[in-house]
Amino acid sequence: MHELSIAMAVIDQVRDAVPDDRVESLTLRIGELVAVVPEALDFSFGLAADGTLLAGARLVIETVDGEAHCDGCGRDTPTGMPPVLWCGDCERPLTLLAGRELEIVRVVVADEGPDGTAVGDTARDTTRDEETSHVPHR
Ligand SMILES: [Zn+2]
């Protein structure tokens, strides 16, 4: 299961970064082309975090839409999912610009202070294009 291995890798990285802190929430930025099902990742994360200092942490997932550039006509175009990396106008391959991200962008630990609590509203860069993506926010 794809999402479980991602969840375990993320947890390993967070434990390396903040080995002694209880984590309240963490924010992941995940490209559309990684093909993660947010509900499945959330579920897997809950399982994998059980018994660790990440147990009960809130997982926030930001999705980055796949985007590619055509050197022929110079346009940037959404890749869609499954991705199309071919320009229908120029008959040329496209260069992938975005959509393969899998990054931990923010970790909030329990003793970080009052401004660490409202992650969904205060995390930087949350007002980008992926607000319009189809990933449900729960
Ligand atoms: Zn083109």
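Up top is the structure these notes are about.
Residues numbered from 1 in each chain as written. Predicted model: local features only at pLDDT ≥ 70, side-chain atom pairs only at ≥ 80, totals over all residues. Heavy atoms only, no water.

**Student:** Before we move on, could you go through the sheet that holds strand E4 (residues 76–78) and cite the residues and values that matter?
**Tutor:** Ordered by their spatial adjacency, three strands build an open sheet running E4-E3-E7, and the pairing between neighbours is antiparallel. The sheet is open, and its two borders are formed by E4 and strand E7 (95–98), each paired with just one other strand. Adjacent strand axes in the sheet meet at a mean angle of 35 degrees, parallel and antiparallel pairs treated alike. Note that strand E3 (residues 67–69) and E4 share three bridges and pair antiparallel. (Pairing = 2+ DSSP bridges. Helix = DSSP H or I, 4+ residues; strand = E, 2+ residues; numbered from the N terminus. Axes fitted to C-alpha atoms, helices over the stretch in contact; angles between N-to-C directions.)

**Student:** Tell me what's going on with unusual backbone geometry, and back it up with residues and numbers.
**Tutor:** That bond from Met-81 to Pro-82 is cis: its omega, 0 degrees, falls within 30 degrees of zero. Unusually for a residue other than glycine, Ala-35 sits at a positive phi of about 60 degrees. Along the chain, Ala-35 turns up in the loop between strand E1 (23–31) and helix H2 (38–49). By relative accessible area, which is 37% here, Ala-35 ends up partly exposed. The backbone phi angle of Glu-91 is positive, close to 60 degrees, even though this residue is not glycine. If you trace the backbone, Glu-91 turns up in the loop between strand E5 (86–87) and strand E6 (92–93). (Buried < 20%, exposed > 50% of the residue type's maximum accessible area, 1.4 Å probe, protein only.)

**Student:** Quick rundown of the coordination of the zinc ion? Include the residues and the values.
**Tutor:** Within the first shell, the zinc ion binds the protein through Cys-70 (SG), Cys-73 (SG), Cys-87 (SG) and Cys-90 (SG), at distances of 2.3 Å. For the zinc ion, the four donor atoms in the first shell make angles of 105 to 117 degrees at the metal, so the coordination geometry reads as tetrahedral. Expressed as a motif, the donor residue spacing for the zinc ion is C-x2-C-x13-C-x2-C. With Cys-73 in the loop between E3 and E4 and Cys-87 in strand E5, the pair connects residues that are 14 residues apart, well separated along the chain. (Donors = N, O, S within 2.8 Å, 3.2 Å for Na, K, Ca; no water. Tetrahedral: all angles 85-135°; square planar, octahedral: opposite > 155°, others 65-115°.)

**Student:** So, the sheet that holds strand E2 (residues 58–64): which residues are in play, and what are the values?
**Tutor:** An order of E2-E1-E8 is seen for the three strands of this open sheet, with the pairing classed as mixed. On the outer flanks of this sheet lie E2 and strand E8 (102–109), each paired with one strand and no other. Strand-to-strand twist of the sheet, defined as the mean angle between neighbouring strand axes without regard to direction, takes the value 15 degrees. Inspection of the sheet shows E1 paired to E2 by seven bridges, in the parallel sense. In the sheet register, Leu-26 faces E2, and the bridge partner there is Leu-59. Helix H1 (residues 2–17) contacts E1 and E8 of the sheet and is inclined by roughly 50 degrees relative to E8. On the sheet, H2 packs against E1 and E2 and is oriented at approximately 150 degrees with respect to E2. (Contact = heavy atoms within 4.5 Å.)

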